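# Breakdown of the fold
Here is how the chains run, residue by residue.
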Amino acid sequence: MKKWWEECVIYQVYPRSFCDSNGDGIGDIPGITGKLDYLKALGVGAVWLSPVYDSPNDDMGYDIRDYRKIMQEFGTMEDFKALLAGLHERGMKLIMDLVVNHSSDEHEWFRQASSSRENPYRDYYIWRDGKNGREPNNWAGFFSTPAWKYDERTQQWYLHLFSEKQPDLNWENPKLRAEIYDMINFWLDMGVDGFRMDVIPLLAKNQEFPDAGPAGDETEMQVDSAEEAPQYVFGGEHIVLQPRLHDYLREMREKCFDGRDCMCVGEGTCVSIGQANSLLEDGRELDQLFQFDLMDVDGGASKWDLVPLDTGKLKRKLFEQQEKICRNTLFWSNHDQPRAVSRFGCTQTEELWKRSAKMLAAAMHLMKGTSYLFQGEELGMTNFPFADETELRDIESINFLKEAKKAGTQDKAWESILVKGRDNARTPMQWDETKNAGFSAGTPWIAVNPNYTYINAEIEQKDEDSVLNFYRKVIALKTGNAAFSHGDCTELLADDARILAYVRACGEEKYLVMCNMTGETAKAEYPVRLKEAEIVLHNMDDVQEWLRPYEAVVCRL
Ligand code: TEU
Ligand code: CA
């Protein structure tokens, strides 16, 4: 028996940039409620809502100050309940973002914990003495800083894998865990249908907190002179998928999810394809997982290393995920990733922009697994042409650029930020061709993409040939046809790096999906003659013998 979350397409809303209802330039919850009919017409069955909890927004809401309070600029708890009711009235579900690896340093727990070593909340966080006058170990954080910050008042260091204002919670502490489970049940009792779990593979840490990289070499940390900065190293082997993580997730399921028709999808930060099932297969931990190998195909040692897209490598990753992850999620982007059509498609001309955006829709969302769309993906929204750093809002890019300036590599860093910066995904949703793309009557908190004049929901709703209407057809196929919602997925043309081809089959229903992922016409030994095929979906007006650049066809077999 399939679960609701295996049969619907899920749409991620980044509330700050979705729709501003009161003209303060910031998206808000009533703005989302006002757009539910748009989402219903798109054909999505659930919304994943990025954090709406009270937050100082150091990391745009992923730094929570009060887990049971709605962020003031997003609205009130009544607004939230109206959104939840509005979704349920339309037969749609709501998945909240659960950020419990860390809180904000302005959370009451941390205010207490950092007031004294004896405070009862001290062990809600991770405090250690320094070593040789420096951090307890050599771990680097995710945002270009060391992973520890010194607290003068209590003379110890606290762990923060992300920003300094995001202290890691100590999951070894059963009191902390009980508080989190209580909070989860608070939202589930209200009728929330599930959670997307932020950096969930990192909850458990090696309690020895050893140095990362080559065997912890004490001298590595010894700083002979002030200008010699120690080498900070990502401590993945000590913080990713640690054994205790599985205990925590099982306990969370017992305390919160058992007996409820709810779901949890984990953000599989640093989890390989081969490791994914350790969190999924017995169903006692996560229901689904976002696995990120696809998000790394155009990166090197770090996301900022720009590597040309290799469609052969992309295909291999896609089919490896299909084959090895028992409950797969399908996504091209989210609020942390650049826009799909700019990254995996082509924006050189309006024709190729439209065609490649549609090709990506068919390529990804007709595969096997639950499809997750990121807001604006259905319009073909693109990366933003940031003029300079004053237009940046994201701490990850801002910190990265700051460090690059110290190293004199700011020009290269800027290049990378334009291509990979998270702000690309966070520019306002483009609703129509009025001021600020209809996002806000005020001054948006982040600039609106100037291409909103032709990339916007209103114009695309009226255009039968738009990216939006193509997404509607893909979603209708995906959710309305057993071959696509439940069927097997068999790869074809595996050795051809240009063409993504697969058969979806369930009983008598069989369909072939063929997508040319490149800018060249792809001549090859096709499984069917396109001119004789029964085409049910196509991103071009006529049929030729070979797939033209970014051409996608879906044929009934
Ligand atoms: O992201 C986790 C994470 O690993 C990010 O660093 C992401 O991989 C990177 O930004 C890609 O460029 C989650 C949230 O999705 C992100 O928005 C938060 O900043 C982060 O956790 C901390 O909560
Ligand atoms: Ca607002």
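Just so you know, these numbers come straight off a predicted model, no measurement behind them.

Our next topic: the site of ligand 1. Taken together, 18 residues lie around ligand 1, and Asp59, Asp198, Lys303, Asp336 and Arg422 are the ones closest in. One nitrogen or oxygen atom from the side chain of glutamate 396 is found 2.9 Å from an oxygen atom belonging to ligand 1. In isolation ligand 1 offers 490 Å² of accessible surface; the protein chains occlude 91% of this area. Looking at the shell around ligand 1, its residues break down into 5 nonpolar, 4 polar and 9 charged.

In total, this model carries 34 aromatic pairs according to the counting rule given. Ring centres 5.1 Å apart and planes at 85° place the aromatic pair phenylalanine 18 and tryptophan 431 in the edge-to-face group. In this pair, phenylalanine 18 sits in the loop between β1 (10-13) and α2 (29-33) while tryptophan 431 sits in the loop between α16 (423-426) and α17 (457-462), placing the two residues 413 residues apart along the sequence. Each member of the pair phenylalanine 18 and tryptophan 431 is classed as buried. Seen in terms of ring centroids, phenylalanine 384 and phenylalanine 386 are 4.6 Å apart; in terms of plane orientation they differ by 50°. Their pairing is tilted. Accessibility expressed as a relative area gives 6% for phenylalanine 384, which makes it buried.

It is worth spelling out the pattern of salt bridges at this point. Under the criterion given, the structure shown has 48 salt bridges. Here aspartate 542 makes a salt bridge to arginine 548, at a shortest N to O gap of 2.9 Å. With a relative accessible area of 31%, aspartate 542 lands in the partly exposed category. Overall, the relative accessible area of 15% leaves arginine 548 in the buried class. Among the charged side chains, a network of salt bridges with common partners joins Asp59, Lys303, Asp336, Asp394, Glu396, Arg422 and Arg426.

An order of β13-β12-β10-β5-β2-β1-β15-β14 is seen for the 8 strands of this open sheet, with the pairing classed as parallel. Each edge of the open sheet is held by one strand with a lone partner, namely β13 (288-291) and β14 (329-330). Here 4 bridges tie β1 to strand β2 (residues 46-49), and the two strands are oriented parallel to one another. Among the inter-strand pairings, tyrosine 11 is bridged to a residue of β2, identified as valine 47. Along the sheet face, helix α4 (residues 77-89) touches β2 and β5 (93-98) and points at about 135° away from the line of β5.

Moving on, we come to the packing of helix α6 (residues 174-190) against helix α9 (residues 243-257). In contact at an axis separation of 10 Å, α6 and α9 are set at 40° when each is read in the N-to-C sense. Here α6 is positioned oblique relative to α9, judged by the angle of their axes. Crossing handedness for the pair α6 and α9: right-handed. Contacts between α6 and α9 pair Arg177, Tyr181, Ile184, Asn185 and Leu188 from the former with Arg244, Tyr248, Glu251, Met252, Lys255, Cys256 and Phe257 from the latter.

The next point concerns the environment of isoleucine 417. The residue isoleucine 417 is located in helix α15 (residues 410-420) in this model. Given the relative accessible area of 1%, isoleucine 417 is considered buried. For the pair isoleucine 417 and glutamate 350, spaced 67 residues apart in the sequence, the C-alpha separation amounts to 24 Å. Setting aside anything within four residues of it in sequence, one finds isoleucine 417 in contact with Trp304, Leu392, Ser397, Phe400, Leu401 and Asn424.

Here we come to unusual backbone geometry. Even without glycine at this site, serine 144 takes up a positive phi of about 60°. Along the polypeptide, serine 144 turns up in the loop between β7 (139-140) and β8 (148-151). By relative accessible area, which is 28% here, serine 144 ends up partly exposed. Even without glycine at this site, asparagine 436 takes up a positive phi of about 55°. Inspection of the secondary structure puts asparagine 436 in the loop between α16 and α17.

Turning our eyes to something else, we now look at the side chain of serine 371. Within the secondary structure, serine 371 is located in strand β15 (residues 370-374). A polar contact is formed between the side chain of serine 371 and the side chain of lysine 478, at a distance of 2.9 Å.

Here the calcium ion (ligand 2) is held by Asp20 (OD), Asn22 (OD1), Asp24 (OD), Ile26 (O) and Asp28 (OD), and the distances to it run 2.3 Å. When the donor residues of the calcium ion (ligand 2) are listed from N- to C-terminus, their spacing reads D-x1-N-x1-D-x1-I-x1-D.

With that settled, the discussion passes to the nonpolar core. In terms of nonpolar packing, the biggest core is built from 158 residues, with Phe80 and Phe195 touching the most fellow members. At 9 residues, the largest contribution of residues to this core is made by helix α13 (residues 350-365). Beyond its immediate chain neighbours, meaning those up to four positions away, phenylalanine 195 contacts Tyr53, Ile95, Met96, Leu98, Ile184, Trp187, Leu188, Phe257, Met263, Cys264 and Val265. One finds Val503, Met514, Tyr526 and Leu547 within the second-largest nonpolar core, a separate group that totals 11 residues.

We now examine the sheet that holds strand β20 (residues 552-556). Pairing in this open sheet of 5 strands is antiparallel, and the strands run β16-β17-β18-β20-β19 from one edge to the other. The open sheet has two edge strands with one neighbour each: β16 (488-492) and β19 (534-538). Ignoring which end each strand starts from, the neighbouring axes of this sheet average 25° apart. Of the strand pairs in this sheet, strand β18 (residues 509-516) and β20 are connected by 5 bridges, and their pairing is antiparallel. Its bridge partner being in β20, methionine 514 is matched across the sheet by valine 553. Contacts from helix α18 (residues 467-480) reach β19 and β20 within the one sheet, and its direction differs from that of β19 by about 125°.

The pLDDT averaged across the protein chain works out to 96; a share of 97% of its residues lies at or above 70. Segment residues 215-227: pLDDT under 50, and 17 contacts once partners within four positions in sequence are set aside and those in other chains are kept.

With that settled, the discussion passes to α4. Counted at 1.5 Å a residue, the expected span for α4 with its 13 residues is 18 Å, and the 18 Å between its end C-alpha atoms agrees. Of the residues making up α4, those classed as buried are Met77, Phe80, Leu83, Leu84, Gly86 and Leu87. A positive backbone phi angle near 70° is found at glycine 91, which sits one or two residues after α4.

Criteria and cut-off values
Residues numbered from 1 in each chain as written. Chains lettered and ligands numbered in written order. Predicted model: local features only at pLDDT ≥ 70, side-chain atom pairs only at ≥ 80, totals over all residues. Heavy atoms only, no water. Near = heavy atom within 4 Å. Polar contact = N/O pair within 3.5 Å; in protein donor to acceptor, adjacent residues only side chain to side chain. Areas by Shrake-Rupley, 256 points an atom, 1.4 Å probe, with all protein chains shown as cover. Nonpolar A, V, L, I, M, F, W, Y, C, P; charged D, E, K, R; others polar. Phe/Tyr/Trp six-rings, centres within 6.5 Å; stacked < 30°, edge-to-face > 60°. Helix = DSSP H or I, 4+ residues; strand = E, 2+ residues; numbered from the N terminus. Buried < 20%, exposed > 50% of the residue type's maximum accessible area, 1.4 Å probe, protein only. Salt bridge = Lys/Arg side-chain N within 4 Å of Asp/Glu carboxyl O. Pairing = 2+ DSSP bridges. Contact = heavy atoms within 4.5 Å. Axes fitted to C-alpha atoms, helices over the stretch in contact; angles between N-to-C directions. Parallel < 35°, antiparallel > 145°, perpendicular 65-115°, else oblique. Left-handed = near helix turned anticlockwise from the far one by under 90°. Donors = N, O, S within 2.8 Å, 3.2 Å for Na, K, Ca; no water. Core = buried A, V, L, I, M, F, W, Y, C linked by side-chain atoms within 4.5 Å. pLDDT = per-residue confidence, 0-100. Expected span 1.5 Å × (residues − 1).

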